[in-house]
Structures are given as structure tokens and as C-alpha cells.
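What follows is each chain in one-letter form.
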Amino acid sequence: MQILVLPGDGIGPEITAATLDVLTAADRLLGLGLEFETRDIGLKSLADRGTTLPAEVMERIPQVDGVLLGPVSHYDYPSRAEGGINPSAELRTVFELFANVRPCRSHADLSILRHPMDLVIVRENTEGFYSDRNMHAGSGEFMPDPDLAISLRKITAKASERVARAAFELARGRRRKVTAVHKANVVKLSDGLFLREVRKVAADYPDVELEELIVDAAAALLIRRPHTFDVIVTTNMFGDILSDEASELSGSLGLGGSVNAGHDICVAQAQHGSAPDIAGQGVANPTSLIRSAAMLLDWLGRRHAEPRLVKAGELVDAAVDNVLADPATRTRDIGGTLGTAEFAAAVTSTLDKTGVPS
């Protein structure tokens, strides 16, 4: 299995190195045959190559089995004309990575919730209010005059249908419930179209319950009754906001994994940003990217019908849970004392003690 590694900006290289240590341990344990190929993107690539996303990186992605993407500082990039391409958005749109899948599972002594949370948010990934990815040419955001700014929201039946189907497929293997989150009481046409497609897909899954919630109610109910959610499906911006809320409620934004998945390509990516203020200090929490890598292993295992990869994903996730359960082996952002490399070493040590599963 060839994995293309794109460390990114800020803390990206540090948490990527930590994640590769864990993946190497999983490979050693189960004989996965993982091969890693690293390419520069982001600010380093901009300085060296004049672009944050070299063409050869884009050419390589369909040729490998999976991608590990570190966080990027795209807010600090120059314009696209000056080489400042947002790698995250570009990969999602060019390769039609339509489902951003973000599990959120609460940790008892880290969460502020009164009830446990164990849900997955499936967020549409290629359109919506995101102006850098919702037009064939140009931007979905513009200013007719200095005092007027306009943003366009794009919702299509195709994108709504495929993200809904991904959510229902996921729910069928969990607790068989999908909650469609929308604002159709206000944006009646665009969210109405989204709901129309969700309902059409739901008809193909009579064994899965469909619930519909307005987004502000969903945001409140994530706090009041998180235990009643299983899989949430929603549009791009709502999903972005709700997944950050859910991750913080479950313990920290730095604890949840995330993959961007299409039909043929999957990119593992941490939920959080590049945190340049702590870059190079060795204190960043690598949990999110490690869990994302575990999700990538699971995706690859199911795609290639390779049980060892699925098992590796499960073991990595369990090892992270084991390490997080002990306050002494947590990173500093969640009350522990470990740095980035030390946390990865603790996860690796846990994996090494697992023994080869029968």
C-alpha cells in the first residue's frame, strides 16, 4: 500500500512524523506492506517552487492508494495567481472527495457533556458557501462596490445525493439512524433541494431511521441529548461548524479523526488547523491525525477487502483510547505532560504490546 504523505504547514510536519511512527508500528505488527512517499506542499513548496500545490503532487494522488495530509495555513497564502492554492479545497474538488467523515466520541473525564457522545458527522465537501470550490471558474464571492460583498451558495442534487448515500451506508453499520441537518425554513430552495435528495436516498434504506433537524436546534441538541445522534448528514458549512462543536464537546478539537472520501480516493486529514503559534515546539497533540490515519487504514481495508488493514485501523484507534485514558500519558493541551513525539511513542508502545491478533 503506497501512502502519499503531505506534511503541510505549522505543526503539520511534527504531527505527521508522529503519525508515521504509529503507522510504522501497525505495519510492523500486522505486515501491512505500507510504503510512504513524502512531498512538500504549502509554504515550503511556495518558497521553493512558487506554488503551494505542485502539479506533480496532483498527478501522483490518483496513482497511490491513500493520502495523509497535514494541516495547511491557507489563510496566510497569497492569491491563487501568485501560487497560493488551498491544498485541502483543491484535493476535495478536483478528486470529488464529496464526503468529509468526522467521528466524535466523548471521553468521560475530558467531556463536559452529561450524556456520552458517539456519532459521526458526514459533511458534503465540494460546494455550499465555500467560495473557493463552488464555481467552475472564478469565485463564488465578489464585491460589486467597496461597500457590498456577495457570497453565493451552491447546492446540487448530485452532491446532495451522494453524500446522503454515504451517510446511510455508514448508519447501516452503526445504530441505523441518520439525522439530516438543514435550514430549509429560511433557505427554502437550496436546503429544500438538499432535503429532497436525502429523502429520496432514505427510501432505499427502509431499515435506517431518518430524522430532520434545523441546524440551530441540532447545535443545541448536541449539548442536551448527544446520545440520541448516530450519523448526521448536512451541507458543507453546517457540517464544518457542527463537527467542531461536537469535537470540542467530546473532549477537544484535537481528538477526532477525519477523512475526505470519494469513490476511488481517500485523504486522511486532521480536523484542526496548522497552529503556527506552537510550531516547532514539540507540544502539538497528534491525536487527530493519528485517528485520521486509522480511518484511512479502515477505508483501504474495506476497499481492497483486506481484513488486516481494517484490524490495523481498529488497533490504532484502541491504542489511542488506551493512552488517552491515563492522564499521565496525555498531551499538555488536555491536561497531560507529554509532547508530540512522546505521545506517539506511548501509542506505539501500546501497539507493540498488543501482539499479532489471531
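Just so you know, these numbers come straight off a predicted model, no measurement behind them. Here, residues in each chain are numbered from 1, in the same order as that chain's written sequence. Residue-level local features of this predicted model are given only where pLDDT is at least 70; pairs of side-chain atoms are given and counted only at 80 or more, and the full residue set underlies all totals for whole chains, interfaces and linings. As a convention, hydrogens and water are excluded, and side-chain values are obtained from all of the structure's heavy atoms.

Attention now goes to the overall build of the protein. A tally of helices and strands in the protein yields 11 helices and 12 strands. Taken against the 2.2 N^0.38 rule, which gives 21 Å for 358 residues, the C-alpha radius of gyration of the protein at 20 Å falls within 12% of a compact globule. Counting only C-alpha atoms and orienting by the principal axes, one finds that the protein spans roughly 55 × 50 × 40 Å. Buried, partly exposed and exposed residues are distinguished by accessible area as a fraction of the type maximum, computed with a 1.4 Å probe on protein chains only: under 20%, between the cut-offs, and over 50%, respectively. Within the protein, the proportion of its 358 residues that are buried is 56%. Throughout, a contact is declared for two residues whenever any of their heavy atoms are within 4.5 Å. Long-range contacts, defined as pairs at least 24 residues apart, comprise 74% of the intrachain contacts of the protein with a sequence gap of at least 6. For every accessible area listed, the method is Shrake-Rupley and the probe measures 1.4 Å; residues are considered covered only by the protein chains on display. For the protein, the exposed area adds up to about 15300 Å²; of that, 54% sits on carbon and sulfur atoms. For the protein, the distance from the average site of its 37 positive side-chain charges to the average site of its 49 negative ones is 6 Å. Numbering of helices and strands runs from the N terminus, with a helix taken as a DSSP run of H or I at least four residues long and a strand as a DSSP run of E at least two residues long. Restricting the calculation to C-alpha atoms gives the radius of gyration, and the globule rule supplies 2.2 Å times the number of residues raised to the power 0.38. The charge count includes Lys and Arg as positive and Asp and Glu as negative, but it does not include His or the ends of the chains. Charge positions are represented by NZ for Lys, CZ for Arg, CG for Asp and CD for Glu.

On to the sheet that holds strand 2 (residues 35–38), then. In short, DSSP must find at least two bridges between two strands for them to pair. Sheet architecture is open: 10 strands sit in the order 2-1-3-12-11-4-5-10-8-9, paired in mixed fashion. In the strand order of this sheet, the two ends are held by strand 2 and strand 9 (209–214), each with one partner. Pairwise comparison of adjacent strand axes, ignoring direction, gives a mean angle of 25° for this sheet. Only C-alpha atoms enter the line fits that serve as axes; for helices the fit covers just the stretch in contact. Angles between N-to-C directions range over 0 to 180 degrees. Helix 9 (residues 287–303) rests against strand 1 (2–6), strand 3 (66–69), strand 4 (99–105), strand 11 (259–261) and strand 12 (266–269) of the sheet, and its axis sits at about 160° to strand 12.

Think of a salt bridge as a Lys or Arg side-chain nitrogen and an Asp or Glu carboxyl oxygen that are within 4 Å of each other. According to the stated counting rule, one finds 36 salt bridges in the structure shown. Note that Arg 80 and Glu 90 form a salt bridge whose closest N and O atoms lie 2.8 Å from each other. Here Arg 80, found in the loop between strand 3 and helix 4 (87–94), pairs with Glu 90, found in helix 4; they are 10 residues apart in sequence, far enough to count as distant. Judged by relative accessible area, which is 16%, Glu 90 ranks as buried. Among the charged side chains, a salt-bridge network with shared partners connects Arg 102, Arg 123, Asp 240 and Asp 244.

Now for the packing of helix 9 against helix 10 (residues 307–324). Relative to each other, helix 9 and helix 10 sit at 160°, their axes nearing to 6 Å. Considering the angle they form, helix 9 stands roughly antiparallel to helix 10. Once helix 9 is placed against helix 10, the crossing between them reads as left-handed. Residues Thr 287, Ile 290, Arg 291, Ala 294, Leu 297, Asp 298, Leu 300, Gly 301 and Arg 302 of helix 9 touch helix 10, and the partners they reach there are Leu 309, Val 310, Ala 312, Gly 313, Val 316, Asp 317, Val 320, Asp 321 and Leu 324. Throughout this entry, Asp, Glu, Lys and Arg are counted as charged residues, while Ala, Val, Leu, Ile, Met, Phe, Trp, Tyr, Cys and Pro are counted as nonpolar. The remaining residues, Gly among them, count as polar. Grouping the amino acids of the contact of helix 9 with helix 10 by side-chain chemistry returns 10 nonpolar, three polar and five charged. Under this scheme an angle from 65 to 115 degrees is roughly perpendicular, one under 35 degrees roughly parallel, and one over 145 degrees roughly antiparallel; angles in between are oblique. Helix crossings get a hand from a simple test, with the near helix turned counterclockwise from the far one by less than a right angle marking a left-handed crossing and a clockwise turn marking a right-handed one.

This next bit is on helix 5 (residues 157–172). Taking 1.5 Å per residue, 16 residues should reach 22 Å; helix 5 reaches 22 Å between its end C-alpha atoms and fits that length. When we look at burial in helix 5, the residues that qualify are Ala 159, Ser 160, Arg 162, Val 163, Ala 164, Ala 167, Phe 168 and Ala 171. As for helix 5, its buried residues are in contact with strand 4, strand 5 (118–124), strand 8 (177–182), helix 6 (188–202), strand 9 and strand 10 (231–234). The span you would expect from a helix comes to 1.5 Å times its residue count less one.

Residues belong to a common nonpolar core when they are buried Ala, Val, Leu, Ile, Met, Phe, Trp, Tyr or Cys residues joined through side-chain atoms within 4.5 Å. Counting residues in hydrophobic clusters, the biggest one holds 70 residues, and the most contacted among them are Leu 68, Phe 168 and Leu 351. With sequence-adjacent residues up to four places away left out, Phe 168 is seen in contact with Val 178, Val 198, Val 201, Ala 202, Tyr 205, Val 208 and Leu 210. The next biggest cluster of nonpolar side chains, apart from the first, holds 18 residues, and it includes Leu 4, Ile 61, Ile 85 and Val 267.

In summary, the pairing rule links any two rings of Phe, Tyr or Trp, Trp by its six-membered ring, whose centres are within 6.5 Å, and it sorts them by plane angle into stacked for under 30 degrees, edge-to-face for over 60 and tilted for everything else. Under the definition given, this model contains one aromatic pair. In our convention, an over-ring charge means Lys NZ or Arg CZ found within 6 Å of a ring centre and within 35 degrees of that ring's normal. Positioned over the ring face of Phe 238 is Arg 153, at 5.6 Å from the centre of the ring. Its guanidinium or amino end placed over the ring of Phe 229, Arg 225 lies 5.4 Å from that ring's centre, counting from NZ or CZ.

Moving on: a nonpolar patch on the surface. In this analysis, a patch consists of residues with relative accessible area above 30% that form no salt bridge, clustered at 9 Å for like charges and at 5 Å for the nonpolar side chains Val, Leu, Ile, Met, Phe, Trp and Tyr. A contiguous nonpolar surface patch, about 260 Å² in accessible area, is contributed by Phe 129, Met 237 and Ile 241. Within the fold, Phe 129 resides in the loop between strand 5 and strand 6 (141–145). Judged by relative accessible area, which is 35%, Phe 129 ranks as partly exposed.

Here we come to the pairing of strand 9. In terms of strand pairing, strand 8 meets strand 9 through six bridges, oriented parallel. Paired with Val 178 across the bridge in strand 9 is Leu 210. The handedness of a crossover follows from its direction of travel: if, with the strands pointing away from the viewer, the path from the first strand over the helix to the second runs clockwise, the crossover is right-handed. Note that the unit made of strand 8, helix 6 and strand 9 has a crossover that is right-handed.

Along the chain, Phe 98 falls in the loop between helix 4 and strand 4. Sequence separation of Phe 98 and Arg 60 is 38 residues, and the distance between their C-alpha atoms is 20 Å.

Another aspect to go through is the side chain of Ser 252. With respect to the helices and strands, the residue Ser 252 is situated in the loop between helix 8 (236–250) and strand 11. On the basis of relative accessibility, which here comes to 10%, the residue Ser 252 falls in the buried class. The term polar contact refers here to a pair of N or O atoms within 3.5 Å; inside protein, the definition further demands a hydrogen-donor-capable atom paired with an acceptor-capable atom, and it admits residues adjacent in sequence only when both atoms are side-chain atoms. Of the polar contacts made by the side chain of Ser 252, one reaches the backbone nitrogen of Gly 254; its length is 3.0 Å. Setting aside anything within four residues of it in sequence, one finds Ser 252 in contact with Ser 247, Asp 333 and Ile 334.

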